[in-house]
Amino acid sequence: MSRFFSEKFNSLDPYVPGEQPRDMKYVKLNTNESPYPPSPEVLASMSPENAGKLRLYPDPESAALKDAIGKAEGLGRENVYVANGSDDILNFAFMAFSKPGGKVYFPDLTYGFYPVFAALHGLEAVEIPVKEDFSIDPADYFGADGMVVIANPNAPTGRILQLDDIRKILENNRDNVVLIDEAYVDFGAESAVCLTGEYDNLLVCRTYSKSRSMAGARLGYALGDKALIADLETLKFSTNPYNINILTQLAGIAAMESEEYYRDRCLAIQATREKTAAELIKRGFTVIPSMANFIFVKSDRISGEDLYRGLRERGVLIRHFDKERIKDYNRVTIGTDEEMDIFLCCVDEMLKGASK
């Protein structure tokens, strides 16, 4: 870092995104992207005519996009916030809903950006251990002295909290914001959006990156009480009012109007997930039950790191984490049936004569 870098950021340990190598063509199962393209309506929104509008500033209110999201989610425009990816929402939420020097609570095994945002905003990260089976005990979050952040389904495990458990956490944290990060909810879990009308402390965070095949567009949205949404808008208009470009707004609207297309793709991913999990179990793998577009797996015959490296050498990327508790696990994104067949074939090659 330069000698001009602010001392308050010296201890930051930045988030490390999944690798994006360019040295060869890979079967890419490491960053939880959709294996399917955006809907035809989304692609049509990228027309030359619409691209010509790039000379103009986008609508800073993103009114039409909020209306489309609100219609799909059964909420009003005042209950919808949109941002340049859900990470932007998380950043603003950590900033907006925590006391200076306060605490923020989240699981010890979860999305790696949470501790980064806590450190960025000078907050104490209270990392609550998940149980032995990687599930979350809702009682661990009762009476928290600060914002609660839970990914549901959780990453990298894919495990879920039931709606009743989320309700219990909300009931026992009336004076703190509870943020439910639903990046993967469309792959079989139950959304907490239906609770936003009951609890003014609930903020639900969603993304277009996974189930709507738009990771490259960078679009996310939050749903909640209009006062919470207004707080996020205050921060947006104090930093970057034009945070969603014209083409992304149009694509976001088109995606919300393509519900049947995306529902079918999510169902296809779920079917492939279950088939892949069954095949790995046949091969002696431990597979954590998942409601996301990935599975969390380990083998007693080969270490997590060796599996990751061996697959990479064979042109298949998966995600390995070096945390002690999960170093023998890997997170495997669900691709097409054909991509998962390639993955399984490479796994079989490595298991022949392998020993841990």
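All residue numbers refer to positions counted from 1 along the written sequence of the respective chain. With the structure being a predicted model, the display of local features is reserved for residues of pLDDT at least 70 and the display and counting of side-chain atom pairs for 80 or more, all residues being used for whole-chain, interface and lining totals. Each side-chain value is worked out from all heavy atoms of the structure, with water and hydrogens disregarded.

Next up on the list: the packing of aromatic side chains. Each aromatic ring pair is summarised here by two numbers: the centre-to-centre distance and the angle between the ring planes. Pairing of aromatic rings covers Phe, Tyr and Trp, the last through its six-membered ring, and needs centres within 6.5 Å; plane angles under 30 degrees mean stacked, over 60 mean edge-to-face, and all others mean tilted. Counted by the stated rule, this structure contains 16 aromatic pairs. Ring centres of Tyr 111 and Tyr 114 lie 5.5 Å apart, and the angle between their planes is 85 degrees; this geometry places the pair in the edge-to-face category. Assigned by exposure class, Tyr 111 and Tyr 114 land together as buried. With a centroid separation of 4.8 Å and 15 degrees between ring planes, the pair formed by Phe 296 and Tyr 329 is classed as stacked. Linking Phe 296 in strand β10 (residues 294-298) with Tyr 329 in strand β13 (residues 329-333), this pair joins segments that are 33 residues apart in sequence. Burial here depends on accessible area, computed with a 1.4 Å probe over protein chains only, as a share of the maximum for the residue type. Under 20% is buried, over 50% is exposed, and the range in between is partly exposed. Residue Tyr 329 is classed as buried on the basis of its relative accessible area, which comes to 9%. The rings of Tyr 15, Phe 94, Phe 106, Tyr 111, Phe 113, Tyr 114 and Phe 117 are connected pair by pair, giving a single aromatic cluster. Lysine and arginine charges are scored as sitting over a ring when NZ or CZ, respectively, is within 6 Å of the ring centre and within 35 degrees of the ring normal. Above the ring of Tyr 261, the side-chain terminus of Arg 265 is found at 3.9 Å from the ring centroid. Its end group placed over the ring of Phe 294, Arg 331 keeps NZ or CZ at 5.7 Å from the ring centre. Under the scheme used here, helices are H or I runs from DSSP no shorter than 4 residues and strands are E runs no shorter than 2 residues, and both carry numbers assigned from the N terminus.

All right, on to the environment of Leu 351 then. Here Leu 351 lies in helix α11 (residues 337-351). The spacing of Leu 351 and Gln 162 is 189 residues in sequence and 36 Å in space, taken between C-alpha atoms. The contact rule is simple, with two residues in contact once any of their heavy atoms fall within 4.5 Å. Not counting the four nearest positions on each side in its chain, Leu 351 is found in contact with Arg 283, Phe 285, Ser 299, Arg 301 and Ile 302.

Following Asn 152, the chain continues to Pro 153 via a peptide bond in cis, the omega torsion being 0 degrees. Phi is positive for Asn 32, which is not a glycine, with a value near 60 degrees. Among the structural elements, Asn 32 can be located in the loop between β1 (27-28) and α1 (40-44). Given a relative accessible area of 1%, Asn 32 falls into the buried group. Positive phi, normally seen in glycine, also occurs at Ser 62, with a value near 50 degrees.

What follows covers the environment of Ala 125. For Ala 125, the position within the fold is in strand β4 (residues 124-128). Looking at Ala 125, the relative accessible area reads 32%, which means it is partly exposed. Taking the C-alpha atoms as reference points, Ala 125 and Glu 19, 106 residues apart in sequence, are found 26 Å from one another. Look past the residues within four positions of Ala 125 in its chain and what remains in contact with it is Val 104, Phe 106 and Ala 118.

The subject of this paragraph is the sheet that holds β13. In spatial order, the strands read β9-β10-β13-β12; together these 4 strands make up an open sheet with antiparallel pairing. Edge positions in the sheet fall to β9 (286-288) and β12 (319-320), since each of these pairs with one other strand and no more. Any two strands with at least two DSSP-identified bridges between them are counted as paired. Relative to β13, β12 runs antiparallel, the two sharing 2 bridges. When the bridges of β13 are listed, His 320 appears paired with Asn 330. Working convention: axes come from line fits to C-alpha atoms, limited for helices to the stretch in contact. Angles between N-to-C directions cover 0 to 180 degrees. Together, β9 and β10 form the strand contacts of helix α9 (residues 259-282), whose direction differs from that of β10 by roughly 5 degrees.

In spatial order, the strands read β2-β8-β7-β6-β5-β3-β4; together these 7 strands make up an open sheet with mixed pairing. Since the sheet does not close on itself, it has two edges, and those belong to β2 (80-83) and β4, each with one partner. Each neighbouring strand pair of the sheet contributes to a mean axis angle of 20 degrees, computed without reference to strand direction.

Counting 47 residues, the largest nonpolar core has Ile 69 and Tyr 208 as the members making the most contacts within it. With 5 residues, helix α8 (residues 246-256) is the largest single contributor of residues to this core. If near-sequence neighbours (up to four positions away) are discounted, Ile 69 is found in contact with Val 80, Val 82, Tyr 208, Tyr 221, Leu 223 and Met 256. To qualify as a nonpolar core, a set must consist of buried Ala, Val, Leu, Ile, Met, Phe, Trp, Tyr and Cys residues joined through side-chain atoms within 4.5 Å. In this structure, Ala 183, Ile 302, Ile 334 and Met 340 belong to the second largest nonpolar core, which totals 31 residues.

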